[in-house]
Structure formats: C-alpha cells, structure tokens
Amino acid sequence: MRDSWVPLLELALDSARAQKDPYAESRVLNLLGWVLSEEGRVDEAVALLERSPGLARRAGDRLGEATALINLAVVQAEQGEFGAALAGCTRARGLAREEHDAHTEMLALQHLARMQLTANRPQEALDSVRQALDLGPEPEEVARRVLLLTISGEARVALGDESEGIRLLDRAAGDAERVGYDEGAVRALEALLRVTGRPEYRRRHDQAVCRLTDGG
C-alpha cells in the first residue's frame, strides 16, 4: 500500500518547495523519509530526514522537529550510529517536554530506551522506560506499553536480575496476546526464550509466529 505513497509525497514535496514553505517541506520530508525507511531504502531516507529538523526549526514547528529527530534517530540506529541517534532522541524528548506533548515525549523515550539497550546501556534504558511509563499511557496504547515492558524486562536480565526480567517479559507477552498484538508477543517471547527454555514459551512463540504468517 505504501508503494503508491512515494510518488504522491514527491509531488507534495515539489509543491512545498515551490511555495517556499519550510513547515510543509519538513512535514513531507519527514513522512517520505519514514516511508522510504520502511521500504528498506535507508540511504535515501537518511538524506531526506537529515534536512527535516532544520526546516521545522525554521518554521517554528517544535513538535515537527521532535518527530523528525525521532525518525532520523531510528534510521541512524539501524546504521549503527548510536551516538547521533541517542543525541537526536534526547533532543526530541526535550522539545516534546517543553511543548507539554506527552504522546511525542513517550515516543522519544520508547526509542531512546531501545537504543540504549542495544548500545549495552541497560540501566539508562530502564530509566527511560520508567520515565515513559510515568507519563501514563492511555488504555488504547497497549502496544506501546508492551514494547516498554519488553525493553524493561530485557534490561533487567542484562543487569543480572533474571527473575524480574522474566516476570516483566511474561507480562508483556501476555498483554500482547490478549489484544492480538502478535508482533509484540513474538518480540517478548523471543526475549524470554533467550533466558529460559520453558516449553510453554516456545509453544506460545510458535503460535504467535503462525498467526503473523497467516495474517500476511
């Protein structure tokens, strides 16, 4: 479905540039960069996303700048540029906090925590998760809560508290299964299987993978 987005977004980008509208250009670049990254066109995505925060700043669009920084950081992390990615997410979190936008702040903290965990900084990841959860996710944001619990569980395991890590990961998997969030269930159950070989987790993992495959 996203295949048809790129030409439309490129037309919108041409229009924004023709009108010399930095707000619109930043927003279009942000969305186009995200679509390209989802399609695996990472180099093209980075080239676009690198321009988006500055344009948003020029337009006074602080939340747009925060979102652009998060999207850029995600791609940078995929390329192994954790220093730049962590700095971008931290800046985005600060902007969202100043704008009193809990949704964007939580998004920044979620990605920040994942990057910190990947960069082998589990205590920092745990701190970021706590700050995100303190913002109070709304009931419909179960998927985000599952991701935060999964990161928290993995961080606990990395810090040597295996029993608490397993408890959190089990909770994340259960929450994901209850709402049909199979991708989140697979992620949490894969983390569980790295620390325990319980047949129940293997069975639930395989069932979630099957549901995802059947759904595709």
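That block above? That's the structure.
We now turn to the structure provided with this report. (Residues numbered from 1 in each chain as written. Predicted model: local features only at pLDDT ≥ 70, side-chain atom pairs only at ≥ 80, totals over all residues. Heavy atoms only, no water.)

1. Details of the overall build of the protein chain
Phase 1 of the analysis: In terms of regular secondary structure, the protein chain is built from 12 helices and zero strands.
Phase 2 of the analysis: The linear arrangement of helices and strands in the protein chain, starting from the amino end, is α-α-α-α-α-α-α-α-α-α-α-α.
Phase 3 of the analysis: Since a compact globule built from 216 residues should have a radius of gyration of about 17 Å, the 19 Å found for the protein chain is in line with a globular shape.
Phase 4 of the analysis: The principal-axis extent of the C-alpha atoms belonging to the protein chain is close to 60 × 40 × 30 Å.
Phase 5 of the analysis: Within the span of the protein chain, comprising 216 residues, buried residues form 46% of the whole.
Phase 6 of the analysis: For the protein chain, contacts bridging at least 24 residues in sequence account for 54% of all contacts bridging at least 6.
Phase 7 of the analysis: Within the protein chain, the 37 negative side-chain charges are centred at a point lying 3 Å from the centre of the 28 positive side-chain charges. (Helix = DSSP H or I, 4+ residues; strand = E, 2+ residues; numbered from the N terminus. Rg over C-alpha atoms; globule rule 2.2 N^0.38 Å. Buried < 20%, exposed > 50% of the residue type's maximum accessible area, 1.4 Å probe, protein only. Contact = heavy atoms within 4.5 Å. Lys, Arg positive; Asp, Glu negative; His and termini not counted. Charge placed at Lys NZ, Arg CZ, Asp CG, Glu CD.)

2. Some details on the pattern of salt bridges
Phase 1 of the analysis: Summed over the entire model, instances satisfying the criterion amount to 23 salt bridges.
Phase 2 of the analysis: Between Arg41 and Glu44 there is a salt bridge whose closest N-O contact spans 2.9 Å.
Phase 3 of the analysis: Here Arg41 falls in the partly exposed class, since its relative accessible area comes to 32%.
Phase 4 of the analysis: Under the relative-accessibility criterion, Glu44 is labelled partly exposed at 38%. (Salt bridge = Lys/Arg side-chain N within 4 Å of Asp/Glu carboxyl O.)

3. Considering the side chain of Asp101
Phase 1 of the analysis: As for its placement among the helices and strands, Asp101 is situated in the loop between helix 6 (82–98) and helix 7 (102–118).
Phase 2 of the analysis: Although Asp101 is buried, it makes no salt bridge; Arg144 carries the closest opposite charge, 8.1 Å away.
Phase 3 of the analysis: Look past the residues within four positions of Asp101 in its chain and what remains in contact with it is Leu63 and Ala96.

4. Topic: the layout of surface pockets
Phase 1 of the analysis: Estimates place the volume of the largest pocket at around 380 Å³.
Phase 2 of the analysis: Considering the residues around the largest pocket, the lining is formed by Val74, Ala77, Glu78, Gln110, His111, Arg114, Met115, Leu147, Ile151, Tyr181, Glu183 and Arg187.
Phase 3 of the analysis: Contributing elements (two or more residues each) for the lining of the largest pocket: helix 5 (62–78), helix 7, helix 9 (142–158) and helix 11 (182–193).
Phase 4 of the analysis: Looking at the lining of the largest pocket element by element, the count peaks at four residues for helix 7.
Phase 5 of the analysis: Split by residue class, the lining of the largest pocket holds six nonpolar, two polar and four charged.
Phase 6 of the analysis: Of the volumes computed, that of the second largest pocket is approximately 320 Å³.
Phase 7 of the analysis: Lining the second largest pocket, in full, are Trp34, Ser37, Glu38, Leu49, Thr67, Ile70, Asn71, Val74, Val75, Glu78, Leu107 and His111.
Phase 8 of the analysis: For the lining of the second largest pocket, the secondary structure elements donating two or more residues are helix 2 (22–38), helix 5 and helix 7.
Phase 9 of the analysis: The leading source of residues in the lining of the second largest pocket is helix 5, at six residues. (1 Å grid on protein atoms, 1.4 Å probe; cavity = no way out; pocket = protein on both sides within 12 Å on 5 of 7 lines; lining within 4 Å. Points joined across faces, edges and corners; volume = space filled by probe spheres on them. Nonpolar A, V, L, I, M, F, W, Y, C, P; charged D, E, K, R; others polar.)

5. A look at the packing of helix 1 (residues 5–18) against helix 2
Phase 1 of the analysis: Remark: helix 1 packs on helix 2, axes separated minimally by 9 Å, with the N-to-C direction vectors making an angle of 160°. As the angle between them shows, helix 1 and helix 2 are arranged roughly antiparallel. Classified by chirality, the crossing of helix 2 by helix 1 is left-handed. Where helix 1 approaches helix 2, its residues Trp5, Val6, Leu9, Glu10, Ala12, Leu13, Ala16 and Arg17 are matched on the opposing element by Ala24, Glu25, Val28, Leu29, Leu31, Leu32, Trp34, Val35 and Leu36. (Axes fitted to C-alpha atoms, helices over the stretch in contact; angles between N-to-C directions. Parallel < 35°, antiparallel > 145°, perpendicular 65-115°, else oblique. Left-handed = near helix turned anticlockwise from the far one by under 90°.)

6. Section: unusual backbone geometry
Phase 1 of the analysis: Even without being glycine, His100 reaches a positive phi, approximately 55°.
Phase 2 of the analysis: Considering the arrangement of structural elements, one finds His100 in the loop between helix 6 and helix 7.
Phase 3 of the analysis: Given the relative accessible area of 74%, His100 is considered exposed.
Phase 4 of the analysis: One non-glycine residue, Asn120, lies in the positive phi region at around 60°.
Phase 5 of the analysis: Note on placement: Asn120 falls in the loop between helix 7 and helix 8 (122–134).
Phase 6 of the analysis: Overall, Asn120 belongs to the exposed group, its relative accessible area being 62%.

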